[in-house]
Amino acid sequence: ETGVTQTPRHLVMGMTNKKSLKCEQHLGHNAMYWYKQSAKKPLELMFVYNFKEQTENNSVPSRFSPECPNSSHLFLHLHTLQPEDSALYLCASSQAEQSFSNSPLHFGNGTRLTVT
Amino acid sequence: QQQVKQSPQSLIVQKGGISIINCAYENTAFDYFPWYQQFPGKGPALLIAIRPDVSEKKEGRFTISFNKSAKQFSLHIMDSQPGDSATYFCAASFIFGNEKLTFGTGTRLTIIP
């Protein structure tokens, strides 16, 4: 496997369910990101992990809980979601160094989440 | 200050024509301007990027034009092909910090035969 892999591709969950999204990167990167993509809106950055440490939380509601056990894996735990949380959730990775020119983001194909 | 405005929302171009997508930004501290291309069912992928020290960057049929004084930049796709049909996102950031990458709302480009 190469690149950034996200599972599942599609997820339908009720508002009282608990589910998790999984992301795995095989690029040797040390920064990982969760983005939310909704129609006609800019991609919204949710969380950033650099070297397994969370460095950014973009005012995301607590019903979204990220976990980064190592630099290759990233999870997004979901509980008591709302219908407006329905969207495409994208994982991305990049190479984060102290001083570099921007390392491009490598995105997975996303998980299409529907909250009923 | 962090917003990046992108237009048009959708664009239809005939095969062989020039596709032009425009973006404008507010924050003068931005110094890195990438374009991402997204095909249906796929995640976005970096297409081309520019720093503000040059006014133009060309890679194959894709060119970024940058106007620092107007705080605008645009993507030109020459000799547009049906395979270019995708959604294009402009973005802006600082040279150190992907976590500050601000995206536009996207342009759905359709190339018709």
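Residues numbered from 1 in each chain as written. Chains lettered and ligands numbered in written order. Predicted model: local features only at pLDDT ≥ 70, side-chain atom pairs only at ≥ 80, totals over all residues. Heavy atoms only, no water.

(A) The overall build of chain A, seen in detail. For chain A, the count of helices and strands is zero helices and eleven strands. Overall, chain A shows an N-to-C arrangement of helices and strands of β-β-β-β-β-β-β-β-β-β-β. Its C-alpha atoms give chain A a radius of gyration of 14 Å, within 12% of the compact-globule value 13 Å for 116 residues. For chain A, the residues scored as buried account for 50% of the 116 residues in total. (Helix = DSSP H or I, 4+ residues; strand = E, 2+ residues; numbered from the N terminus. Rg over C-alpha atoms; globule rule 2.2 N^0.38 Å. Buried < 20%, exposed > 50% of the residue type's maximum accessible area, 1.4 Å probe, protein only.)

(B) Examining the pairing of strand E1 (residues 4-7) of chain B more closely. Residue and element names in this part refer to chain B. Residue alternation in E1 divides its side chains into a buried set, Val 4 and Gln 6, and an unburied set, Lys 5 and Ser 7. When E1 meets strand E3 (residues 19-25), the two strands line up antiparallel, connected through four bridges. Within E3, the residue paired with Lys 5 across the bridge is Ala 24. (Pairing = 2+ DSSP bridges.)

(C) Molecular detail of a nonpolar patch on the surface. Residues and elements named next belong to chain B. A surface patch of nonpolar side chains, about 240 Å² in accessible area, is lined by Ile 18, Ile 20 and Met 78. Along the chain, the position of Met 78 falls in the loop between strand E8 (72-77) and strand E9 (86-92). Of the residues examined, Met 78 reaches a relative accessible area of 34% and is grouped as partly exposed. (Patch = residues over 30% accessible without salt bridge, like charges linked within 9 Å, V, L, I, M, F, W, Y side chains within 5 Å. Areas by Shrake-Rupley, 256 points an atom, 1.4 Å probe, with all protein chains shown as cover. Salt bridge = Lys/Arg side-chain N within 4 Å of Asp/Glu carboxyl O.)

(D) Main features of the pattern of salt bridges. Here the structure, examined in full by the defined rule, presents three salt bridges over all chains. Between Glu59(B) and Lys57(B) there is a salt bridge, and its shortest N-O distance comes to 3.7 Å.

(E) Here's a closer look at the sheet that holds strand E1 (residues 4-7) of chain A. Residues and elements named next belong to chain A. Read from one edge of the open sheet, four strands run E1-E3-E8-E7, paired in antiparallel fashion. Where the open sheet ends on each side, the last strands, each with one partner, are E1 and strand E7 (64-70). Ignoring which end each strand starts from, the neighbouring axes of this sheet average 20° apart. Relative to strand E8 (residues 73-79), strand E3 (residues 18-25) is paired through seven bridges, and the arrangement is antiparallel. Bridged to Leu 21 within E8 is Leu 76. (Axes fitted to C-alpha atoms, helices over the stretch in contact; angles between N-to-C directions.)

(F) Up close: the nonpolar core. All names here are of chain B. Ranked by size, the top nonpolar core spans 24 residues in total, and within it Tyr 25, Phe 33, Trp 35, Phe 73, Leu 75, Tyr 88 and Leu 109 carry the most contacts. Elements with a contribution of two residues or more to this core: strand E2 (10-14), E3, strand E4 (33-38), strand E5 (45-50), strand E7 (62-67), E8, E9 and strand E11 (107-112). For this core, the element with the most residues is E9, which contributes four residues. The contacts of Tyr 88, once residues within four sequence positions are left out, are Gln 6, Ile 21, Trp 35, Tyr 36, Gln 37, Leu 47, Phe 62, Leu 75, Ile 77, Gly 106, Thr 107 and Leu 109. (Core = buried A, V, L, I, M, F, W, Y, C linked by side-chain atoms within 4.5 Å. Contact = heavy atoms within 4.5 Å.)

(G) The arrangement of the packing of aromatic side chains in detail. In this structure the tally under the stated criterion is 14 aromatic pairs over all chains. In textbook terms, an aromatic cluster arises when at least three aromatic residues are bridged by ring pairs, as seen for Tyr25(B), Phe30(B), Phe33(B), Trp35(B), Phe66(B) and Phe73(B). (Phe/Tyr/Trp six-rings, centres within 6.5 Å; stacked < 30°, edge-to-face > 60°.)

(H) Examining the environment of Gln14(B) more closely. Residue and element names in this part refer to chain B. Mapped onto the secondary structure, Gln 14 falls in strand E2. Owing to a relative accessible area of 53%, Gln 14 belongs among the exposed residues under this scheme. Gln 14 sits 42 residues away from Glu 56 along the chain, and the two C-alpha atoms are 24 Å apart. Filtering out sequence-adjacent residues up to four positions away, Gln 14 remains in contact with Ser 80, Ile 111, Ile 112 and Pro 113.

(I) How the structure looks around the sheet that holds strand E6 (residues 56-59) of chain B. Residues and elements named next belong to chain B. A sheet is described by the order of its strands in space; here five strands give the open sequence E1-E3-E8-E7-E6, paired in antiparallel fashion. On the outer flanks of this sheet lie E1 and E6, each paired with one strand and no other. Strand-to-strand twist in this sheet, taken as the mean axis angle between neighbours without regard to direction, amounts to 15°. As paired elements, E6 and E7 share four bridges and run antiparallel to each other. Bridged to Glu 59 within E7 is Phe 62.

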